[in-house]
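Here is what each chain is made of, one letter per residue.
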Amino acid sequence: MSRYVTFTIADGLYGVDVLRVQEALRAHARTRVPLAPPGIAGLVNLRGQVVLTVDLRPRLGLPPLGADAEPMMVVVQVDGEPVSLLVDEIGDVLDVPADQVGAPPETLDAELRPLIRSACTLDERLLLVLDVDEAAAA
């Protein structure tokens, strides 16, 4: 059995291993990082700790979230440090039996393959499990 914190980005359902997640929050005001690559959304002050924020949309080849939309943050641990991932909406924590976890689909874009560790077949949807280390390496 695997346990994932789920979230949506555009129409996709994604998840990360629950053991890597520190917390899920509404987005905080971000400080822009000059000359940062497109996937770096800025820095946030998380209770006095400066945390890098990664926008997953460019990493997933998706257009930016609408200006009036408010993203959410999933704070994960990467090499012992918190990194905030911007997502559209936070979902549930799902327990997925091992027989429903498999390799990413062959139809997945080759550029996205390094970001996706596995795929879980749910009743009505496909859950793509992110490689947190790769996703945070924007």
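Worth saying up front: this structure is predicted, and the values here are computed from it rather than measured. (Residues numbered from 1 in each chain as written. Predicted model: local features only at pLDDT ≥ 70, side-chain atom pairs only at ≥ 80, totals over all residues. Heavy atoms only, no water.)

> Mind showing me how you'd approach the overall build of the protein chain here?
For the protein chain, the count of helices and strands is two helices and 11 strands. The C-alpha atoms of the protein chain give 14 Å as radius of gyration, which agrees with the globular expectation for 138 residues (14 Å, within 12%). Here the C-alpha coordinates of the protein chain stretch approximately 45 × 30 × 30 Å along the principal axes. Going through the 138 residues of the protein chain one by one, you find that 40% of them count as buried. In the protein chain, 54% of the contacts between residues at least 6 apart in sequence involve partners at least 24 apart. For the protein chain, the accessible surface area stands at approximately 7,700 Å², while carbon and sulfur atoms represent 50% of it. Computing the positive centroid from 11 side-chain charges and the negative centroid from 21, the protein chain places the two 5 Å apart. (Helix = DSSP H or I, 4+ residues; strand = E, 2+ residues; numbered from the N terminus. Rg over C-alpha atoms; globule rule 2.2 N^0.38 Å. Buried < 20%, exposed > 50% of the residue type's maximum accessible area, 1.4 Å probe, protein only. Contact = heavy atoms within 4.5 Å. Areas by Shrake-Rupley, 256 points an atom, 1.4 Å probe, with all protein chains shown as cover. Lys, Arg positive; Asp, Glu negative; His and termini not counted. Charge placed at Lys NZ, Arg CZ, Asp CG, Glu CD.)

> How do you make sense of the pairing of strand β11 (residues 126-130) when you look at a structure like this?
Successive side chains on a regular strand alternate, one facing one side of the sheet and the next facing the other. Here β11 lies mainly inside the structure; four of its five residues are buried. With three bridges joining them, strand β2 (residues 12-17) and β11 adopt parallel strand pairing. Residue pairing for β11: Tyr14 is matched across the bridge by Leu128. Of the pairings in the sheet, the one linking strand β10 (residues 116-121) to β11 comprises five bridges and is antiparallel in character. Paired with Thr121 across the strands is Leu126, a residue of β11. Between the antiparallel neighbours β10 and β11 lie four residues. (Pairing = 2+ DSSP bridges.)

> What should I look at first to understand the layout of surface pockets in this one?
Roughly 150 Å³ of internal volume is contained in the largest pocket. Around the largest pocket sit 13 residues that line it, and Arg30, Asp55, Leu65, Pro71 and Leu86 are the ones nearest its centre. Residues of the lining of the largest pocket, tallied by class, amount to eight nonpolar, one polar and four charged. (1 Å grid on protein atoms, 1.4 Å probe; cavity = no way out; pocket = protein on both sides within 12 Å on 5 of 7 lines; lining within 4 Å. Points joined across faces, edges and corners; volume = space filled by probe spheres on them. Nonpolar A, V, L, I, M, F, W, Y, C, P; charged D, E, K, R; others polar.)

> Explain the pattern of salt bridges to me, please; I cannot follow it from the model alone.
Side-chain pairs of opposite charge can arise where the charged atoms are in close proximity. On inspection of all chains with the given rule, the structure shows six salt bridges. Taking the shortest distance from any N to any O, the salt bridge between Asp88 and Arg57 comes out at 2.7 Å. Of the two residues, Asp88 sits in the loop between β7 (81-87) and β8 (89-96) while Arg57 sits in helix α1 (residues 56-59), which places them 31 residues apart along the sequence. Of the residues examined, Arg57 reaches a relative accessible area of 9% and is grouped as buried. (Salt bridge = Lys/Arg side-chain N within 4 Å of Asp/Glu carboxyl O.)

> I would appreciate a short explanation of the sheet that holds β2 in the present structure.
Sheets are built from strands paired through backbone hydrogen bonds, the pairs being either parallel or antiparallel. Strand order in this open sheet of six strands is β8-β1-β2-β11-β10-β9, and the pairing throughout is mixed. Strands at the two margins of the open sheet, each flanked by one partner only, are β8 and β9 (101-102).

> Any chance you could explain the nonpolar core here in plain terms?
One broad trend across soluble globular proteins is that nonpolar side chains are buried collectively. Formed by 26 residues in total, the largest nonpolar core has its most connected members in Phe7, Tyr14, Val16, Leu56, Val76 and Leu130. Listed by contribution, the elements that provide at least two residues to this core are β1 (2-9), β2, β6 (72-78), β7, β10, β11 and α2 (132-136). The dominant element in this core, judged by the number of residues it contributes, is β6, at four residues. Every residue in contact with Phe7, bar those within four places of it in the chain, is listed here: Gly12, Leu13, Tyr14, Gly15, Val16, Leu56, Val74, Val87, Glu89, Ile90, Gly91 and Leu130. Among the nonpolar cores identified, the runner-up in size contains seven residues, and Leu25, Val51, Val75 and Leu86 belong to it. (Core = buried A, V, L, I, M, F, W, Y, C linked by side-chain atoms within 4.5 Å.)

> Which parts of the structure should I look at to understand the sheet that holds β7?
Read from one edge of the open sheet, five strands run β3-β6-β7-β5-β4, paired in mixed fashion. Lying at the two open borders of the sheet, with one neighbouring strand each, are β3 (21-26) and β4 (40-46). Going from strand to strand, the sheet's axes swing by 30 degrees on average, the running direction of each strand aside. Here β6 pairs with β7 via seven bridges, running antiparallel. Counted as the bridge partner of Val76 is Val83 from β7. (Axes fitted to C-alpha atoms, helices over the stretch in contact; angles between N-to-C directions.)

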